[in-house]
Each structure stands twice: as structure tokens, then as C-alpha cells.
Amino acid sequence: QVQLAESGGGLVQAGGSLRLSCAASGRTFSSYAMGWFRQAPGKEREFVAGISRSTGTTRYADSVKGRFTISRDNAKNTVYLQMNSLKPEDTAVYYCATGNIVSSTPGTYHYWGQGTQVTVSS
């Protein structure tokens, strides 16, 4: 079993930046693809970014391309989401998750963190 803990959320003005971290327990972190999702009030959980387990291939939602960057440090069992040029519509609870492949479908991920709140003021 894998336990995930997100951190780094907070309140930021539009145009600002935040870096989210997701620390994973266990010694098999490098064998998992990792994804970031977000969920705003009254909306479904949506894919934000993903990174493969070995090659580091990344994938992004169109809404964040060019602004967000996902990366991982397997030695630290941690995945990051650097968020720049933040917009009010980025406001949501952000979750990290583990899976076998990078996918935009939440159901393909096995373990989830508790989430961290990101609020972008206009």
C-alpha cells in the first residue's frame, strides 16, 4: 500500500506561483506513474498533469500547458507540481495519485492523497 501526502497549497494572487509536493511512502515509488488532479466545488475531479514512472514522460491538460510543470524525484519519493501564472479558475483542491500508466481518467489510479487547497484571488 502507498500513502501520499500533498503539501504546498495556499492563497496566492492571480499571476503568482506555487509549488505543490506529494510525498509517497514505500520503496516502490519509482515503479508508479504519478498524476495530479484537481476538484473545484461543484465540479468533477479533473486531470491536471501526469508523469511516467521510468522515462519521465509528461502529459498536461490543455488548460495548464505552458504554465504548470510536473516533475519527480525518485530518490526522495516525491512528485512536484510547479504552477506559474496562476488564474482564479485554477482554484481547487489538488490531489496526487499513483497508477500504472499516465492517464487522464481518475479511475485508473490506485492510491490518492488527501488533497491540498489552492486558492487564486483575482
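Going by the structure above, here's the rest.
Structural notes, computed from the coordinates. (Residues numbered from 1 in each chain as written. Predicted model: local features only at pLDDT ≥ 70, side-chain atom pairs only at ≥ 80, totals over all residues. Heavy atoms only, no water.)

### Section: the state of the cysteines
- Applying the stated criterion across every chain yields a total of one disulfide.
- Cys22 shares a disulfide with Cys96; S-S distance 2.0 Å. A torsion of 55° about the S-S bond marks the disulfide between Cys22 and Cys96 as right-handed. One end of the pair, Cys22, is in strand S3 (residues 18-24); the other, Cys96, is in strand S9 (residues 92-99), with 74 residues separating them in the sequence. (Disulfide = S-S within 2.5 Å. Helix = DSSP H or I, 4+ residues; strand = E, 2+ residues; numbered from the N terminus.)

### Things to note about the pattern of salt bridges
- What the rule picks out here adds up to four salt bridges.
- The partner of Lys65 in a salt bridge is Asp62, and the shortest N-O contact between them spans 3.2 Å. In this structure, Lys65 and Asp62 share a single accessibility class: exposed.
- The partner of Asp90 in a salt bridge is Arg67, with the nearest N and O atoms 2.7 Å apart. Highlighted residues: Asp90 in the loop between strand S8 (78-83) and S9 and Arg67 in the loop between strand S6 (58-60) and strand S7 (68-73), separated in sequence by 23 residues.
- What makes Asp90 buried here is its relative accessible area of 1%. (Salt bridge = Lys/Arg side-chain N within 4 Å of Asp/Glu carboxyl O. Buried < 20%, exposed > 50% of the residue type's maximum accessible area, 1.4 Å probe, protein only.)

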